[in-house]
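# Summary of the model geometry
Listed below, chain by chain, are the residues.
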Amino acid sequence: MIKRLLKSVREYKKASILSPLLVAGEVVFECIIPLLTAGLINNISRGCGMDIIIKYGLALIVLAMFSLLFGVLSGHYSAIASAGFAKNLRRDLFEKVQQFSFANIDKISTASLVSRLTTDVSNVQMAYMMIIRVAVRSPLMLIFAFAASIIVGKKLAWIFVGIIPVLLFGLIIMMAKVMPLFKSVFKKYDNLNESVQENVKAIRVVKSFVREDYERSKFNKAANAVYRMFVKAETYVSFNNPVMMLTVFGSMLGLSWLGAKAIVLEGFTEGGLMSLFSYVMSILMSLMMIS
């Protein structure tokens with residue numbers, strides 16, 4: 001199925017490759033910035049001159065500008081790639097429908113075909129854009145941020161090893177609950193589209209036999225089914241934020257407690273502790289985006 005879908009990328013392969021490469025560059029610059037910030041804070045605490053502060057400040061501005069540039073370009077190319085992929089996919093689907101036999105036409109409803117060509121293609125387009133951006137950015141950010149935190153914090157970085165499994169466990173449970181619901185929602189869309197199509201095509205018949213109340217009730221039933229499924233799915237998704245906040249603040253408390261001891265007893269630097277707080281957010285946000 002994936003190979004068949006990827007055939008629709010065609011002339012947008014260049015944009016599909018450039019987007020993840022630019023995302024990787026953005027991640028690298030974002031992970032370097034906290035390291036420089038830690039160096040700046042450490043130099044200020046030692047009483048450095050203005051020349052050192054200006055040097056670090058200019059370096060941070062340059063890194064931030066490069067990170068911004070790479071992020072904008074990756075968004076630009078991912079939009080081109082995903083929109084072009086959806087355009088080709090929609091055309092391929094339409095051409096396939098034209099080749100259907102009468103048996104296929106009798107088996108597959110028109111409402112279902114409309115859903116495939118509209119809602120489903122839009123969902124695939126969004127998924128493709130997230131794959132070439134978020135699905136690339138999040139694992140890279142997780143790896144680079146964890147490596148940088150080990151360089152800066154050494155023993156303190158291993159607090160993430162205890163926090164990350166808690167977040168992963170919560171996200172896995174949530175996804176296991178949500179995925180079947182979203183799959184069911186797409187089936188409900190077919191009933192909704194079928195009701196709309198029947199009323200548009202046969203509006204004269206409906207009015208002639210005074211069936212407006214029945215058709216209105218039928219449409220409301222399909223619409224309410226979609227509503228209930230979405231509410232149930234989004235209710236499970238809403239647990240994502242509390243689990244995220246629990247792990248973020250838990251790791252911050254652990255870092256504050258252990259970091260204070262390390263500063264007093266082991267000569268750990270204030271800048272290193274500040275950079276670890278930045279990497280905490282980067283690591284946990286990357287896991288949240290993957291979910």
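Model, not experiment: these values are computed from the prediction.

### Some remarks on unusual backbone geometry
One non-glycine residue, Arg-10, adopts positive backbone phi at about 45°. Its location among the elements puts Arg-10 in the loop between α1 (2-6) and α2 (13-45). Judged by relative accessible area, which is 31%, Arg-10 ranks as partly exposed.

### Here we look at the nonpolar core
Core analysis: the largest hydrophobic core is formed by 28 residues, its most contacted members being Phe-160, Leu-255 and Leu-284. Listing elements by their share of this core, those giving two or more residues are α2, α6 (134-153), α7 (159-201), α10 (240-265) and α11 (270-290). Apart from residues no more than four positions distant in its own chain, Leu-284 is found in contact with Ile-163, Leu-167, Met-244, Thr-247, Val-248 and Ser-251. Counting eight residues, the second-largest nonpolar core is a separate cluster that includes Ala-81, Phe-85, Leu-89 and Ile-132.

### Here's the deal with α10
In this model α10 runs 37 Å from its N-terminal to its C-terminal C-alpha over 26 residues, within 8% of the 38 Å that 1.5 Å per residue would give. Residues Asn-240, Met-244, Thr-247, Val-248, Ser-251, Gly-254, Leu-255, Gly-259 and Ala-262 constitute the buried set of α10. Gly-267 occupies a position one or two residues after α10 and carries a positive phi of about 75°.

### What to know about the packing of α6 against α11
When two helices pack together, their arrangement is given by the angle between the helix axes and by the axis-to-axis distance. As a packed pair, α6 and α11 sit with axes 8 Å apart at the nearest point and diverge in direction by 155°. Put simply, α6 runs roughly antiparallel to α11. By crossing handedness, the relation of α6 to α11 is classed as left-handed. Mapping the contact onto sequence places Val-134, Arg-137, Ser-138, Pro-139, Met-141, Leu-142, Ala-145, Phe-146, Ala-148, Ser-149, Val-152 and Gly-153 in α6 and Gly-272, Ser-275, Leu-276, Tyr-279, Ser-282, Ile-283, Ser-286, Leu-287, Met-289 and Ile-290 in α11.

### Observations concerning the pattern of salt bridges
For the coordinates displayed, the defined rule picks out four salt bridges. For Glu-11, the salt bridge goes to Lys-87, with nearest N and O atoms at 3.8 Å. Taken together, the residues Glu-11 in the loop between α1 and α2 and Lys-87 in helix α3 (residues 50-98) connect sequence positions 76 residues apart. The exposure class assigned to Lys-87 is partly exposed, which follows from its relative accessible area of 41%. When salt bridges that share partners are traced, they join Glu-26, Glu-30 and Arg-137 into one network.

### Topic: the side chain of Glu-26
Within the secondary structure, Glu-26 is located in helix α2. Assessed through its relative accessible area of 10%, Glu-26 is described here as buried.

### Considerations on α6
In an α-helix, one turn spans 3.6 residues, which is why side chains three or four residues apart end up on the same side. Taking 1.5 Å as the rise per residue, α6 with 20 residues should run 28 Å; its terminal C-alpha atoms sit 27 Å apart, in good agreement. Along α6, the residues classified as buried are Arg-137, Ser-138, Met-141, Ala-145, Ala-148, Ser-149, Val-152 and Gly-153. Down the axis of α6, the sector holding all buried residues measures 115°, keeping them to one side. Set apart from the buried face of α6 by more than 90 degrees, the exposed residues are Ile-143 and Ile-151. Taken from the residues just after α6, Lys-154 is the one with a positive phi, measuring 55°.

Cut-offs and rules
- Residues numbered from 1 in each chain as written.
- Predicted model: local features only at pLDDT ≥ 70, side-chain atom pairs only at ≥ 80, totals over all residues.
- Heavy atoms only, no water.
- Helix = DSSP H or I, 4+ residues; strand = E, 2+ residues; numbered from the N terminus.
- Buried < 20%, exposed > 50% of the residue type's maximum accessible area, 1.4 Å probe, protein only.
- Core = buried A, V, L, I, M, F, W, Y, C linked by side-chain atoms within 4.5 Å.
- Contact = heavy atoms within 4.5 Å.
- Expected span 1.5 Å × (residues − 1).
- Axes fitted to C-alpha atoms, helices over the stretch in contact; angles between N-to-C directions.
- Parallel < 35°, antiparallel > 145°, perpendicular 65-115°, else oblique.
- Left-handed = near helix turned anticlockwise from the far one by under 90°.
- Salt bridge = Lys/Arg side-chain N within 4 Å of Asp/Glu carboxyl O.
- Arc of directions from axis to C-beta.

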